[in-house]
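# Commentary on secondary and tertiary structure
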Amino acid sequence: MRAIGFTQNLPIADEKSFIEFFEPKPTPTGHDILVKVIATSVNPVDTGVRRGTVQTLSTPKVIGWDAYGVVDTVGEAVTLFHPGDRVFYAGSFKRPGTDSEYHLVDERLVGHAPTRLTAAEIAAVPLTSLTAWEALFEQMHLSFDAPAANAGKILLVINGAGGVGSMATQLAHLAGLTVIATASRPETIAWTKDHGADAVVNHRQDLVPQVQALGYPTVDYILELSNLNQHWAEIVSLIAPSGTVVSVTGSDTPIDLRALKQKRATFAWEWMYTKSFFETPDMITQHDILERVRGLLDTGKLKSTLTKTFTPINPANLRAAHALVETNRMIGKVVLTNEK
Ligand SMILES: NC(=O)c1ccc[n+]([C@@H]2O[C@H](COP(=O)([O-])OP(=O)(O)OC[C@H]3O[C@@H](n4cnc5c(N)ncnc54)[C@H](OP(=O)(O)O)[C@@H]3O)[C@@H](O)[C@H]2O)c1
């Protein structure tokens, strides 16, 4: 089968930063399904892994953590899927990625694909919707199904227009929360409002006076999706007593959790890969989340956040998509697809 990978961290403009190569088509065993990949997206984790590669690798590394495709064959323990099923998923950090013709994934991480969206629209969704869902409805312990109970709760989403923020804003809005999102450009401000933000503040300026000027001295929940160190002082100021902060980003330098003690605020990480990385007993909840997301997409309650499509999946287009994500100015998602 064809696959696209890299052996060294070259500037993305370099034609050799991604190379196409051939390797044997895998055979699924156990809970694995083999998927023929139709579309895949690029997330900041892709650029991070590529740019974080220090040594030259002896064999190409295949990355990519979003797929829409069709089930080719299944392992002997598989119960959720059959050959021919259309599926979407993000997959596991420990395994080769989705930038290949066929891809092995554990069925418990996979959902049946929406039927009313294009291939590219579908591939834009899995990783960001899983991250947003787990952050809001697992780590913040909010309930998606209790809009009345959530009414009046205030959520600040730091980075509202990026891939995760565009999903989190929509899901929180559907769940009945009041959402303040951050964005800094006219187009990201407009996008964020269009995806359910009740108010928008500018993350290039101090967030504290801007949120307070909206009439909120503090907020009940903060979802940090850009740079925890950079926004930490604002988070400490803005979180309400007994509030909850969830971050999905790394922390370049240690953060001082003591700053949250007086408010007895909760801090939690979200890592979309935790369940698959540790093969936790609840890893099938990613299947459940994607099934719910599929329903929301097919009924039009949730919108795909696709903004840029490259056709087909090849090294040149993968380089172009990585270059876009590297700008740190993405609005929504960029996808590569073999099917219009
Ligand atoms: N832990 C996990 O499971 C997980 C999962 C997914 C993503 N992540 C991480 O979450 C982060 C966001 O991912 P993403 O895909 O949503 O990102 P993205 O789509 O690349 O985000 C792009 C957006 O970032 C905004 N931005 C730039 N500088 C900012 C700043 N200083 N403060 C706030 N926003 C800023 C830009 O808005 P303007 O143009 O308006 O400035 C732009 O719209 C990345 O670090 C990624 O690695 C983690």
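Everything quoted here is computed from the prediction, not taken from an experiment.

## A short note on the domain arrangement of the protein
Taken domain by domain, the protein consists of domain 1 (2–125 + 274–337) and domain 2 (129–269). Every contact between the two is made by 20 residues of domain 1 and, on the other side, 21 residues of domain 2. When the two sides are added together, the surface that domain 1 and domain 2 hide from each other amounts to roughly 1,900 Å², 61% of it contributed by carbon and sulfur. The largest per-residue losses of area from domain 1 upon contact with domain 2 belong to Arg292, Lys303 and Ile331, which jointly make up 28% of the total buried on that side. In this assembly, domain 1 and domain 2 are joined by four salt bridges. The salt bridge partner of Lys303 is Asp194, with a shortest N-O separation of 3.4 Å. In terms of residue count, the dominant contributor to the side of domain 1 that touches domain 2 is helix 10 (residues 285–298) (seven residues).

## Focus: the environment of Lys25
As for its position among the elements, Lys25 is in the loop between strand 2 (19–22) and strand 3 (32–42). Separated by 78 residues in the primary sequence, Lys25 and His103 place their C-alpha atoms 8.6 Å from one another. Residues in contact with Lys25, not counting those within four places in the same chain, are Met1, Leu34, Asp72 and Tyr102. There is a polar contact of 3.5 Å between the side chain of Lys25 and the side chain of Asp72.

## Thoughts on the side chain of Thr305
Locating Thr305 in the fold gives a position in the loop between helix 10 and strand 14 (306–310). You can call Thr305 buried: its relative accessible area is 0%. Not counting chain neighbours up to four residues away, the residues in contact with Thr305 comprise Ala124, Ser166, Met167, Gln170, Trp191, His195, Gly332 and Lys333.

## Overview of the site of the ligand
Of all residues adjacent to the ligand, which total 26 residues, the nearest are Ser184, Thr188, His203, Arg204 and Met272. Contact between the ligand and Asn159: an oxygen atom at 3.2 Å from a side-chain N or O atom of the residue. Val248 is positioned such that a nitrogen or oxygen atom in its backbone is 2.9 Å from a nitrogen atom of the ligand. In isolation the ligand exposes 940 Å². Once the protein is present, 90% of that is buried.

## Looking at the pairing of strand 3
With 10 of 11 residues buried, strand 3 lies mostly within the body of the structure. Of the strand pairs in this sheet, strand 3 and strand 6 (residues 102–106) are connected by five bridges, and their pairing is antiparallel. Note that in strand 6 the partner of Val35 across the bridge is His103. The pairing of strand 3 with strand 4 (residues 67–74) spans seven bridges and is antiparallel. Residue Ala39 lies in a different strand from strand 4, and its bridge partner there is Tyr68.

Rules used throughout
Residues numbered from 1 in each chain as written. Predicted model: local features only at pLDDT ≥ 70, side-chain atom pairs only at ≥ 80, totals over all residues. Heavy atoms only, no water. Domains from an automatic or database assignment. Contact = heavy atoms within 4.5 Å. Buried area = accessible area lost by both parts, 1.4 Å probe. Salt bridge = Lys/Arg side-chain N within 4 Å of Asp/Glu carboxyl O. Helix = DSSP H or I, 4+ residues; strand = E, 2+ residues; numbered from the N terminus. Polar contact = N/O pair within 3.5 Å; in protein donor to acceptor, adjacent residues only side chain to side chain. Buried < 20%, exposed > 50% of the residue type's maximum accessible area, 1.4 Å probe, protein only. Near = heavy atom within 4 Å. Areas by Shrake-Rupley, 256 points an atom, 1.4 Å probe, with all protein chains shown as cover. Pairing = 2+ DSSP bridges.

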